[in-house]
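Observations on the three-dimensional arrangement
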Amino acid sequence: MTIDRTRGSGPHSGQRILTAGAPIEAARGAVITIHGRGASADDIIGLSGHLGQDDIAYFAPQAAGSVWYPQRFIEPKALNQPWLDSALGVVHALVDDIAAAGIARERIVLLGFSQGACLALEAVARKPGRYGGAVGLSGGLIGTSRELWDGADDLAGTPVLLGCAELDGHIPLSRVQETADRFEQAGASVTTRIYRGSAHGVNADEIELTTALLSALGSPATA
């Protein structure tokens, strides 16, 4: 099912949003999956088949031109405007729409790969609070080290999964660690996995860990 979108502003306004899994009216929780640079919503929504959870509603927004922002995520934020703010607006509006449909933010997970991982993590940092989870697969917070979110907000135990290859040419491990530190400072429950001999991609362990996070979604320990 494809949803046409007109909310928001800037370069990503009006892009389609794909859905999979349970109808939102019957869903136990929701996952917003965010694709990487040069990929598409069609690609990332395919993760729903690997994660299972037939009572979860999955959503996948599409970036204009398949790119959420033009420069690397560790560049100054100003170089990625107005695309970055537009992309964050798409994600935040989708969170609000899902919540308005009856799924509280405490049962909404933001999940992304590569550029999408960076966007998912930054979206949580820019609109902090308790989420069902944040899954950053090969990504980190956006901006230079001096511009990073300081972790001073309260994420109230939000489960956060950070996974990355040890030798990833796109993602410096120092940024993964900085990201983990900020989320821990904000009270998130952070799991970090660095994979030796792995490439820039999603692996079976990350799928297993994400599946476990979704299985617990909405339980007393995670609600």
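Preceding block: the structure.
Described below are features of the structure shown in this document. (Residues numbered from 1 in each chain as written. Predicted model: local features only at pLDDT ≥ 70, side-chain atom pairs only at ≥ 80, totals over all residues. Heavy atoms only, no water.)

Observations concerning the nonpolar core
One finds I32, I98, L110, L119, V160 and F183 to be the most contacted residues of the largest nonpolar core, which totals 46 residues. Every element with two or more residues in this core is listed here: β3 (29–34), β4 (56–61), α3 (83–100), β5 (108–113), α4 (115–126), β7 (159–165) and α5 (173–185). Apart from the residues lying within four places of it in its own chain, the contact partners of F183 are L121, V124, L141, W149, L155, V160, A188 and V190. Y58, A60, L161 and L213 belong to the second largest nonpolar core, which has 20 residues in total. (Core = buried A, V, L, I, M, F, W, Y, C linked by side-chain atoms within 4.5 Å. Buried < 20%, exposed > 50% of the residue type's maximum accessible area, 1.4 Å probe, protein only. Helix = DSSP H or I, 4+ residues; strand = E, 2+ residues; numbered from the N terminus. Contact = heavy atoms within 4.5 Å.)

So, the layout of surface pockets
The calculated volume of the largest pocket comes to roughly 230 Å³. Along the wall of the largest pocket there are 13 residues; nearest its centre are R37, S114, Q115, H170 and H200. In terms of residue class, the lining of the largest pocket is built from six nonpolar, five polar and two charged. (1 Å grid on protein atoms, 1.4 Å probe; cavity = no way out; pocket = protein on both sides within 12 Å on 5 of 7 lines; lining within 4 Å. Points joined across faces, edges and corners; volume = space filled by probe spheres on them. Nonpolar A, V, L, I, M, F, W, Y, C, P; charged D, E, K, R; others polar.)

Looking at helix α6 (residues 204–215)
Compared with the 16 Å implied by 1.5 Å per residue over twelve residues, the 16 Å span of α6 between its first and last C-alpha is a close match. Among the residues of α6, those classed as buried are E206, I207, T210, L213 and L214. Across the axial projection of α6, the buried residues extend over an arc of 125°, all falling on one side. Along α6, the residues that are exposed and aim more than 90 degrees away from the buried face are A204 and E208. The N-terminus of α6 is capped by N203, whose side-chain oxygen sits 3.1 Å from the backbone nitrogen of D205. (Expected span 1.5 Å × (residues − 1). Arc of directions from axis to C-beta. Polar contact = N/O pair within 3.5 Å; in protein donor to acceptor, adjacent residues only side chain to side chain.)

As for the pattern of salt bridges
Considering all chains together, one arrives at seven salt bridges under this definition. Linking R126 and E122 is a salt bridge whose minimum nitrogen-to-oxygen distance equals 2.9 Å. Of this pair, R126 and E122 both sit in helix α4, four residues apart, which is roughly one turn of the helix. Given the relative accessible area of 36%, R126 is considered partly exposed. E178 serves as the salt-bridge partner of R175, at 2.9 Å between the closest nitrogen and oxygen. With R175 and E178 both in helix α5 and three residues apart, the pair spans about one turn of that helix. Summarising the burial analysis for this pair, R175 and E178 share the class buried. Each member of the salt-bridge network shares a partner with another, and the members are K77, D85, E122 and R126. (Salt bridge = Lys/Arg side-chain N within 4 Å of Asp/Glu carboxyl O.)

Side note on the environment of G140
Inspection of the secondary structure puts G140 in the loop between β6 (133–137) and β7. Relative accessible area serves as the criterion here: at 0%, G140 is assigned to the buried category. A sequence separation of 55 residues divides G140 from Y195, and the C-alpha atoms of the two residues are 16 Å apart. With sequence-adjacent residues up to four places away left out, G140 is seen in contact with F73, C118, L121, R175 and T179.

Quick notes on the packing of α3 against α4
Axis separation between α3 and α4 bottoms out at 10 Å; the angle between their running directions is 75°. In this view, α3 runs roughly perpendicular relative to α4, as classed from their interaxial angle. Together, L84, D85, A87, L88, V91 and H92 of α3 and L119, E122, A123 and R126 of α4 make up the contact between the two elements. Here the residues of the contact of α3 with α4 are counted per class, giving six nonpolar, one polar and three charged. (Axes fitted to C-alpha atoms, helices over the stretch in contact; angles between N-to-C directions. Parallel < 35°, antiparallel > 145°, perpendicular 65-115°, else oblique.)

Quick notes on the pairing of β7
Within β7, seven of the seven residues are buried, which leaves it mostly tucked inside the rest of the structure. With burial as the criterion, each face of β7 is covered, one bearing P159, L161, G163 and A165 and the other bearing V160, L162 and C164. Relative to β7, β6 runs parallel, the two sharing four bridges. Within β7, the residue paired with L137 across the bridge is G163. Each parallel crossover has a hand, and the one from β7 via α5 to strand β8 (residues 189–195) is right-handed. (Pairing = 2+ DSSP bridges. Right-handed = clockwise from strand over helix to strand, strands pointing away.)

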